[in-house]
Amino acid sequence: MNSRPSRSDLRAKGEEVVAAAVEAVIRTGPEIGGSDMWGELARMRFESIPSHFEQFAARDPELLDIALLNMEDAVLWLQQGRIGNMSEVQNLVADWQGSAALVFRKNFVAPFPGIYSNQYNLAAEVQGALKAQVEIIEASRRDAIAVGDRAIEALNNLERESSGNWIAVALSVIGAVASVAAAIAAAPVTGGGSVVAVGWTLVSAGASVTSAALPSQGGSAGSPEEVIAAMNTALSGVAQATAEEEEILAQALRADVGVFDPKDPSLSLPEVTLGSPGSLGRFQPPLEAQG
Amino acid sequence: MTNERLTVELEKLWQAGAVYLPEIAVPYAKASRSVNNTSWRDEEAFAHTELQVSVVNDYWPKVEVVEVQSPAMEPILQLRNALQWLLADTATKLVTAGEALLQIGEAYAEEDSQTAEAFEKQWAHYQEEQPSLAGPPDVPEVKYPGSTVEVDDSWFYGEEVPKREQPTEPE
């Protein structure tokens, strides 16, 4: 199974569950003959199962993939070495005199590395957020497939004992989807040699993002119907955890939206007026060059 | 008489304003364009449909297909727009600062014709020997939030996707 189950993978898993459930009904049902009839009745009873799996294909990551690719391009542009050329600018204007030259060096050139670092980290934050949204979708699909696999395993292991007791099989929610945002926040992106760090949630080391709380699911199941009921509960749990994980991601990002201020000098270059030809006294060549 | 020290300083000012600052602006402008591409069908990207069941007149069940958007959409798009604005704004300010340095250099050169001549001569030499230092790079148009996304329809069976611009040179 690839890392992103498709809609047809999900439907096929649902159909596998139906087949296993029908087979379990026939295998464990009363020995009164007419297994075809039992099977047909069971098939009708379980026919909605594939759609329970297909619901996890409702969120489609393909457009997000395109957004993520372009966001990765943006981050790559910001990794270009020529951004370090500001140190050359610093050297080239180092000897110029006057208040405008001083302001240019102090307010424009000197803070640039810190501003760049914070902007780079914001880019990494947006990239991480898009990645998290995609991974939530992928993980929810993988969790649904895993729940289906556990249900099939449980159905295949159901046996009728002479006493009429059923072997108890437990189902549990797999829960990978519940920790996507926390996992991304736990592996922060670093870059740009942070000078004045703004604490973006997903890319700041030490930021804490909680995981979705999974409802207590599963338990024992003794008949095909109970296995399917437990499976449906587990699938509901995955769907609930998916929505909750999206909300956790949203909350973490809302905190960052609150941090953002376009006038923050650690994020935004100042407008520097260097003077016009009529006010050259504010931007003068070094004394030795003033003839 | 040529003021050699002034000639050197004007060259340095020219390099800072015409070459280095625009060179820094290029990746910023490109990044603003790549971020702009992420706005292509962005609200659709975060949406999915769900079945919503309600009760009509306290009795009749009503099932509707409703479009639901991820709660993460709004803050992601807000942060994306903030980032795009910063990138476009930074590229613009880098170019403007470069132009201002050039204006200052030109103004000093106009005051001293011999120095200006020496500077022109030196610049001609650069253009022959070090073309990388001889002229400003093309800074692409920056894209502020809300700009049109240029699309490429040659991708997959004519389906449109945003035209990507990836860095190619190894730096």
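Definitions and cut-offs
- Residues numbered from 1 in each chain as written.
- Chains lettered and ligands numbered in written order.
- Predicted model: local features only at pLDDT ≥ 70, side-chain atom pairs only at ≥ 80, totals over all residues.
- Heavy atoms only, no water.
- Helix = DSSP H or I, 4+ residues; strand = E, 2+ residues; numbered from the N terminus.
- Polar contact = N/O pair within 3.5 Å; in protein donor to acceptor, adjacent residues only side chain to side chain.
- Contact = heavy atoms within 4.5 Å.
- Buried area = accessible area lost by both parts, 1.4 Å probe.
- Salt bridge = Lys/Arg side-chain N within 4 Å of Asp/Glu carboxyl O.
- Nonpolar A, V, L, I, M, F, W, Y, C, P; charged D, E, K, R; others polar.
- Phe/Tyr/Trp six-rings, centres within 6.5 Å; stacked < 30°, edge-to-face > 60°.
- Lys NZ or Arg CZ within 6 Å of the ring centre and 35° of its normal.
- Expected span 1.5 Å × (residues − 1).
- Bend = angle between axes of the 7 residues up to and from the residue.
- Buried < 20%, exposed > 50% of the residue type's maximum accessible area, 1.4 Å probe, protein only.

Student: Can you lay out the side chain of Thr38 of chain B for me, pointing to particular residues and giving the numbers?
Tutor: With respect to the secondary-structure elements, Thr38 of chain B resides in the loop between α1 (4-37) and α2 (42-45). In terms of polar contacts, Thr38 of chain B uses its side chain to reach the side chain of Arg80 of chain B, at 3.0 Å. Apart from residues no more than four positions distant in its own chain, Thr38 of chain B is found in contact with Ala67, Asn70 and Met71 of chain A together with Arg80 of chain B.

Student: Which residues make up the interface of chain A and chain B, and what are the values?
Tutor: Across the boundary between the two partners, chain A contributes 68 residues, which contact 61 residues of chain B. Summing both sides of the interface, chain A and chain B together bury roughly 5900 Å²; the carbon and sulfur share of this comes to 72%. Here chain A and chain B share four salt bridges between them. Where Asp95 of chain A meets Arg5 of chain B, a salt bridge forms, and the shortest distance between an N and an O atom there is 3.4 Å. There are 13 residue pairs in polar contact (both at pLDDT 80 or more) connecting chain A and chain B. Broken down by secondary-structure element, the contributors of at least two residues to the side of chain A that touches chain B are α4 (62-77), α5 (86-92), α6 (99-109), α7 (112-157) and α9 (224-259) of chain A. Per element, the largest residue contribution to the side of chain A that touches chain B is 11 residues, and it comes from α4 of chain A. Looking at the side of chain A that touches chain B residue by residue, the class counts come to 43 nonpolar, 12 polar and 13 charged.

Student: Help me get a handle on the packing of aromatic side chains, residues and values and all.
Tutor: In this structure the tally under the stated criterion is eight aromatic pairs over all chains. An aromatic cluster of three or more residues is present, and its members are Trp96, Phe104, Phe108 and Phe283 of chain A together with Tyr108 of chain B. The side chain of Arg45 of chain A reaches across the aromatic face of Phe46 of chain A, ending 5.5 Å from its centre.

Student: Outline α1 of chain B, supporting the account with residue identities and numerical values.
Tutor: Residue and element names in this part refer to chain B. Look at α1: 49 Å from first C-alpha to last across 34 residues, which is about the 50 Å you get at 1.5 Å a residue. The sharpest bend along α1 comes to roughly 35°, located at Ala16. With 29 of its 34 residues buried, α1 lies for the most part within the structure. Measuring from the side-chain oxygen of the N-cap residue of α1 to the backbone nitrogen of Arg5 gives 3.3 Å; that N-cap residue is Asn3.

Student: Describe the pattern of salt bridges, with residues and values.
Tutor: If charged atoms from side chains of opposite charge come close, those side chains can pair. Applying the stated criterion across every chain, the model contains 25 salt bridges over all chains. Note that Arg4 of chain A is salt-bridged to Glu138 of chain A, the shortest N-O span being 2.9 Å. Taken together, the residues span a long stretch of sequence, with Arg4 of chain A in the segment before α1 (7-28) and Glu138 of chain A in helix α7 at a distance of 134 residues. As a salt-bridge pair, Asp42 of chain B and Arg80 of chain B come within 2.9 Å of each other at their nearest N and O atoms. Of the two residues, Asp42 of chain B sits in helix α2 while Arg80 of chain B sits in helix α3 (residues 73-111), which places them 38 residues apart along the sequence. Across the pair, Arg80 of chain B and Asp42 of chain B agree in class, each one buried. Each of Asp95 and Glu288 of chain A together with Arg5, Glu9 and Lys12 of chain B takes part in a single network of salt bridges with overlapping partners.

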